[in-house]
Every structure is written in C-alpha cells, then in structure tokens.
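Each chain, written out:
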Amino acid sequence: MQLLFEEGGEIRAGTVLTQQGESYQVELPAGKRTKIKSRDVLLQFAQPSAIELVRQTAELAGEIDLPFLWECASEEEFGFTDLAAEYFGAAASVVQQAALAQALHGNPVYFRRKGRGRYQRAPEDQLKAALAALERKKQQALVQAEYEAQLKAMTLPDAFRGKALQLLFKPDKNSLEYKAMDAACTALGMSPMRLMVAVGGIASPRALHEAKFLSECFPKGTGFPDVPVPEPVGDLPRAEVEAFSIDDVTTTEIDDALSVTPLDGGKIRVGIHIAAPGLGIRRGEPLDAVARQRLSTVYFPGDKITMLPDDVVERYTLQEGRECPALSLYVVYDPAQQAIVSSETHAEMVMIAANLRHNLLEDVVTEAALAAGTGDYPFREALTQLWHFSGWLHDERQKARLASGLRPESHNRADYNFYLDELADGSERVRIEQRRRGSPLDKIVAELMILANSTWGKLLADHGVPGIYRTQKAWGMHRTRMQTYPAPHEGLGVAQYAWSTSPLRRYVDLVNQWQILAVAQHGITAKLVAPFKPKDSDLLAAVADFEGTYAAYADHQSTMERYWCLRWLQQEKRERLMGSVLKEGAVRFAEIPLVTRVPELVQASRGTQVLLEIGATDEISLEVSCRVLEIFAGEGELPSEELEGDDEASEVSAEAAAEAAAEEAAEAAAEGVAADAAAEGSAEGDAASAEGATSEGASSETRDTGAGGAG
C-alpha cells in the first residue's frame, strides 16, 4: 500500500512497510524510513508506486493554472480532493489529486492552509497585494543580479555612486546594493573594501583608510559649529620677559614657549609659558562641548583634524610678534647649589619674541656649541643656560629612575617625520625624514615640559584641587594609566605628572589648565571655585573617554604612516632594505618606521641585523612581504650604501621622546631583557600616547608603524 501524507510541513509519498493500530512505518522513495500517524495520511492507494507518484506529481503540479484554480475554489473552506474534482473532473486520479494537493500546499499566496488537507482561498484584495509584492521581489532580484554582474565585471553600478562608504561602514544589509556586493565578494573571493576600491567606488586605498577612521570617530563630519571666539577674561598683567618657542616648521598650534631672566648671584629665572585657552573657554560652554567631544587633535601625514576651530587656535597660539595670554610657571634655579629655590604660577600676557624652528637650528645648536657658548643663532645665551638647566633636570630624573629599579633612559632609536609634497601633476610625493632622539633642542623642551607637568601636578595636589594625572609603575600589566589623583610616574622619575602643556591640542591639558588657573588666581580657596570638584563624575568620564579616543586617534596615525611607508617603498623603487629583528619574527626597517613579520626570522635573536628583499606591498591590508637575503651578527653598523639618500630629519615631540624612553626602559625591565635591548622596546604605552602627535609635520613620534605586517 502507498500513502500520501503530511510530515514536517511538507507533502510526501511512501510505501507502507508495517501498520500497528493508528501508526504506519513508511519507506520514502529515497530509502529513508519514518513513522507516521493515520491522522497525517491524505490518500491511500495501491498504484502508482510512491517513486512514480512523486515523479508524475512534480510534472503535473507545475502545469496547474493557479489563477484559474483560485477561481474554481470555493470561498469557504474545502478539502483538496473536492477541488481536484472541480478542476480535473469527478474521476480525478490519484496523481491528479496529489498534484493538486502539492499546488495548494506550495502556494500560500493563493490558498491558506486550514488543516490536514484542507484549504481556503485567499481574499481577492490580499491576493492582489501579495502578487504585487512577489512581482516587486522578482524585479528586485533582477536588479540585484544586474548589480552583481557589473561588480563581477569590475564595473561600478550607477546606483552605487556616492553610497560606497555607507555600504562599507554603515550598511543596510537588506538593501539590494549590499546584497549584490556581498554576493559579488563571495563569488570573487574579495573583501568588500578591496572590491569597492577595485571598481572605483572609493578613489584609493588612502581614501579608504581615512574614510574608515572618519566613519568611526567623526560620523557627523569634521566641521565645527559656528561658535564665537572667546576673549581672555580679566585684566591680565604683562610679563616682563621676551619668550620664544621651539617647534617644527609646520607647527601652527604653538602652545609652549620659554624665557630666561638672569638674577643676582648667578641664579636664573626660567619661564615656561603655556598658551591659555582656558582663560577664554569655560566649562559647559559651546567650545567646551566641542573640545570634550573631540578630546584631542588628530595628526596624520599630510593633514590634521584639530580639537578646536582654527580661529580659536589662531587667537590663543603663541605667535611671534604679539602679546599672548599664557599660563606661566617661573622657577628660580641656583646653579651653584644645583637646586630649584622657588617656583610660582601666573596668568599673564607674554610677549612672544620668536618662533624658533628645529629645521633651521638643529645643525648649529649642538652640544659642542652649547658647551662652549659659541655659534651664531638666536637666543644663544638663553639656550645655553637652558641646556645646562635641562641637563641637571635630566640627571635628577635619572636618579629617581634608578631608585625605582629602572635603567637610565635611552635615546638610541630614530624618530620620523612625514611630509607630503604636491607635484605638478597633482600627485603627492612622500618624504620620510629621520632623526635621532635626544638633540639639545629636544632635551630642553622635554625637560622643561616635564618640569611644568610635574610642578603643576603637585600644585593641584597641595591645594586639594583634582586634576588628571598620568602614572606609571615599573612592573606589571597596564603600567601607565590616567587617574584623578596624584601618584608617581616612575618611568619619568617624578612624584606626580599631570599633562598641562598642550591645551590647544588635548582636552586633558585644557581641564588641568582650568584647575591650575583656579589655584593661581584664588590660592587656598581654589577648590571652592575650580570648575571640577573632587570626585566629579564628569572628570572621571573625561578620563575614561580620553584614553579610548586618544588610542583610536593614535591607531589612525599609525595606519596612515604605515600606508605612506608602503607608498615610499614603491615611490623610491626600493628592492632591498636593512632591518633589525625585534622578537618572534618581527623586523623593523632601518630607514623608515615600518615593522613587518618575516616567518624565516622567528628563531632569530633580538637585535639581529638582516638584509631583506622587498616583495609585494598591499595598500589596503597594509602588508608587505619580504625575503631574507643576508643575516648579520649582532647589532653592528648598517652598510653605508643602505643609508644613502637619508635626509636630515625634522621635529619630533621632545616630551614624547622622553616619555617613550621611560616606557621602553620599563618594558625592558618587565621582560627581564638585557640592557642593550632596552632601546628596542615595544612602541606601545606612552610612546604612542605621551605627546600624541605633537609634531604637526605628522611625526611618527615614537611609534613604529607595525600594524598589519605580514611575512
């Protein structure tokens, strides 16, 4: 006996093997056996066989005219055998009845299932709506198929123009465009980003990386709201000094300057003057909201996204030739006693006599010239005195480091600046300029900024005014962190450290400046009038938000530096480069801040010098493949021919270098590696976050561009 029955929402046919009461054991045409109840049986018949019924039913069901069948059906509930008699005639065969049951069951648009083998035709208005929807889906499927075909042919469909970024970073996964892109990517074995670049939906890999960052960190765009530029509040006294800044030639956010005033007895009064937007911007005002949202200026080769609007930066930057509002720290240093005998903080107007530039002075302001007091350069006497003072500050910090069990700071690694030169044809040529850390100008700026941050951190703590501090422990995970109460920064060798010297570029520094101004202007009552009170939830939130955002900005800078390193390899047509093994097969190139992984060198010891053959580069995945040509023992000197063409480097943030050296030494101590490996430490920690991207020439600061390296 053969049965037509319903199982699992489908109509099946099978041959009865056994029957026990109301249950049947049935063998399906495919050979599978199943147990069914009599209530699920729709038809019992002897012929044809189940296999033959399935074959004939499939053919006949496809020939049934569904609209006519719907017309034949009663508006009331009916059984499929009744409708089969209407459609095929009173003597409808088993095959015809089974075919009609399949047609009813498989077309819910026309017929609604009401029970086992029972149906009701759909209301006319609902049928028309459903058929219209099916037609729309059919047309959409055709459109989607056309989009997919064009993408497979590496052609951008017109409907995709202007939508590529949205499809990649904020897609509507139900849209035809996304479905077509996803299907094309699967067929081609490509990622969506690579496909969009290949078909021209995104202009270039560079545009892709920048768009990805903007979609994540600046979804509403990088423009500023229309807010007025605030003027400094209060009648500020005029400082009796002429200050000068030391920055890269491209720097426009100049937020620190220095001055030296000789005193009786050989003492000197050193002034550290910081741009004071905190005198105009107030907590809770529109500009505060802008800075609080952005938290930092973003630097990357060829461009930047400032924390504050350009006209605000222009008003408060320490531009030469004018008096600028500043927060000044004055320290009196006695060289004879080798001690700082006093310090004081003032809000005032400071005359900026000059903006000195690293690019123009580093060749003449050398250690030898400073030691001899010779040379022809601006502020020679002041720079000489600051050089000796910064040397004493550095030595004092090293004593504190040694007391914490750390090795002295090392400045053996190079830093890099990226410059993009526009060519006549509109293309861009990248220059990557290298310089060693620890130049005299670097050291002067670094030590005085560390002094200011440490002194002002103590000032806040002494007056019970909360601030945002950076602390570092020499051992354990997460050594460097930010918090709202003072604690030692063992890497720098200071008792406390509060970022305060970059208020035009970092929100943390702006917050701390507000707090320091409260102390400078109100003394012991400062904690009553300071914008942030102890345990202020907004202060804690700012710390938490800043760290995550600042890390995202640093990641983007690293991404774009890595991109331009790959462009440099192509531009210079370099086929071979020297490199230094870090660990686990990671190699850092000697001429550019690029790290890649070379599987052949997994077992090589740290510091091993290697000559690599450059293979393929991928500007989307930011990978470069290399092959080892030669391995040199030890760290030795690089062959001179490998260094040909190196240009003289430009500015890197001196304070960043000092903090990076501190972090590297701590990293080396934590790992227990030899002292000669300390300078090869990871570029994590403060190296990425100390002065962020201080150099507006898009300096690589202290990070290697190592993300995404491939062997």
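Quick note: structure is the one above.
To start, this report covers the structure provided alongside it. (Residues numbered from 1 in each chain as written. Predicted model: local features only at pLDDT ≥ 70, side-chain atom pairs only at ≥ 80, totals over all residues. Heavy atoms only, no water.)

### Observations concerning the overall build of the protein
Helix and strand counts for the protein stand at 21 helices and 24 strands. For the protein, with 711 residues in total, the buried portion stands at 52%. For the protein, the share of sequence-separated contacts (at least 6 apart) that also reach a separation of at least 24 residues comes to 67%. Carbon and sulfur atoms provide 50% of the accessible area of the protein, an area that totals close to 31,100 Å². (Helix = DSSP H or I, 4+ residues; strand = E, 2+ residues; numbered from the N terminus. Buried < 20%, exposed > 50% of the residue type's maximum accessible area, 1.4 Å probe, protein only. Contact = heavy atoms within 4.5 Å. Areas by Shrake-Rupley, 256 points an atom, 1.4 Å probe, with all protein chains shown as cover.)

### Some points on the packing of helix H9 (residues 205-217) against helix H18 (residues 537-571)
Interaxial distance between H9 and H18 falls to 10 Å at its minimum, and their mutual angle equals 175°. Viewed along their axes, H9 and H18 adopt a mutual orientation that is roughly antiparallel. Along its contact with H9, which presents Pro205, Arg206, His209, Glu210, Phe213 and Cys217, the element H18 presents Ala552, Tyr553, His556, Thr559, Met560, Tyr563 and Trp564. Class assignment for the residues of the contact of H9 with H18 results in eight nonpolar, three polar and two charged. (Axes fitted to C-alpha atoms, helices over the stretch in contact; angles between N-to-C directions. Parallel < 35°, antiparallel > 145°, perpendicular 65-115°, else oblique. Nonpolar A, V, L, I, M, F, W, Y, C, P; charged D, E, K, R; others polar.)

### Notes on the pattern of salt bridges
A side chain with one charge may pair with a side chain of the opposite charge, provided their charged atoms come close. By the definition in use, this model includes 36 salt bridges. The partner of Glu27 in a salt bridge is Arg33, with the nearest N and O atoms 3.7 Å apart. Between Lys304 and Glu253 there is a salt bridge, and its shortest N-O distance comes to 3.8 Å. On the criterion of sequence distance, the pair formed by Lys304 in strand E13 (residues 303-305) and Glu253 in the loop between strand E9 (238-247) and strand E10 (256-262) is long-range, its members being 51 residues apart. Residue classification places Glu253 among the buried positions, given a relative accessible area of 1%. Sharing partners across several salt bridges, the network here consists of Glu6, Asp40, Arg113 and Arg116. (Salt bridge = Lys/Arg side-chain N within 4 Å of Asp/Glu carboxyl O.)

### Some points on the side chain of His273
Within the fold, His273 resides in strand E11 (residues 268-275). Within polar-contact distance, the side chain of His273 engages the side chain of Ser259 at 2.7 Å. Within the structure, the side chain of His273 is placed 2.7 Å from the side chain of Ser328, a separation counted as a polar contact. (Polar contact = N/O pair within 3.5 Å; in protein donor to acceptor, adjacent residues only side chain to side chain.)

### Details of the nonpolar core
A general tendency of soluble globular proteins is for nonpolar side chains to be buried together. Of all hydrophobic cores here, the largest spans 48 residues; its most connected members are Phe244, Leu258, Ile272, Leu383, Phe389 and Leu448. Elements with a contribution of two residues or more to this core: E9, E10, E11, strand E14 (322-334), strand E15 (339-357), helix H14 (380-403), helix H15 (440-462) and helix H16 (507-522). Here the element with the most residues in this core is H15; it accounts for nine residues. Setting aside residues up to four positions removed in sequence, Phe389 forms contacts with Val270, Val331, Tyr333, Ile340, Leu448 and Leu451. (Core = buried A, V, L, I, M, F, W, Y, C linked by side-chain atoms within 4.5 Å.)

### Digging into the packing of aromatic side chains
What describes a pair of aromatic rings is the distance from one ring centre to the other and the angle between the planes of the rings. Tallied over the full model, the rule gives 18 aromatic pairs. Judged by centre distance (4.8 Å) and plane angle (85°), the ring pair of Tyr87 and Phe88 falls under edge-to-face. Take Phe88: its relative accessible area is 24%, and that puts it in the partly exposed class. A ring pair is formed by Trp499 and Phe546, whose centres lie 6.1 Å apart and whose planes are at 75°; its orientation type is edge-to-face. Residue Trp499 is found in the loop between strand E19 (480-483) and H16, and its partner Phe546 is found in helix H18; the two are separated by 47 residues along the sequence. Just as Trp499 is buried, Phe546 falls in that class too. Taken together, the ring pairs in this structure connect Phe68, Tyr87 and Phe88 into an aromatic cluster. (Phe/Tyr/Trp six-rings, centres within 6.5 Å; stacked < 30°, edge-to-face > 60°.)

### Regarding the sheet that holds strand E22 (residues 595-597)
Taken together, the five strands give an open sheet; going across it, the order is E22-E21-E20-E23-E24, and neighbouring strands pair in antiparallel fashion. With one partner strand each, in any of the chains shown, E22 and strand E24 (623-632) form the two edges of the open sheet. For this sheet, the mean angle separating the axes of adjacent strands, direction not counted, is 40°. The sheet contact formed by strand E23 (residues 609-618) and E24 spans eight bridges and is antiparallel. (Pairing = 2+ DSSP bridges.)

### Quick word on the packing of H14 against H15
Relative to each other, H14 and H15 sit at 60°, their axes nearing to 9 Å. It follows from the interaxial angle that H14 and H15 lie oblique. Note that H14 runs across H15; the crossing there is left-handed. Facing H14, whose interface residues are Leu383, Leu386, Trp387, Phe389, Ser390, Gly391, Leu393, His394 and Arg397, H15 presents Pro440, Leu441, Lys443, Ile444, Glu447, Leu448, Ile450 and Leu451. Here the contact of H14 with H15 is composed, by residue class, of eleven nonpolar, three polar and three charged. (Left-handed = near helix turned anticlockwise from the far one by under 90°.)

### Some points on helix H10 (residues 286-294)
Leu287, Asp288, Val290, Ala291 and Arg294 are the residues of H10 that are buried. Viewed along the axis of H10, the buried residues span an arc of 160°, placing them on a single side of the element. For H10, exposure combined with an orientation more than 90 degrees from the buried face picks out Pro286 and Gln293. The secondary structure elements touched by the buried residues of H10 are E13, helix H11 (310-316), H16 and H18. One or two steps after H10, the chain reaches Leu295, where phi turns positive at roughly 70°. (Arc of directions from axis to C-beta.)

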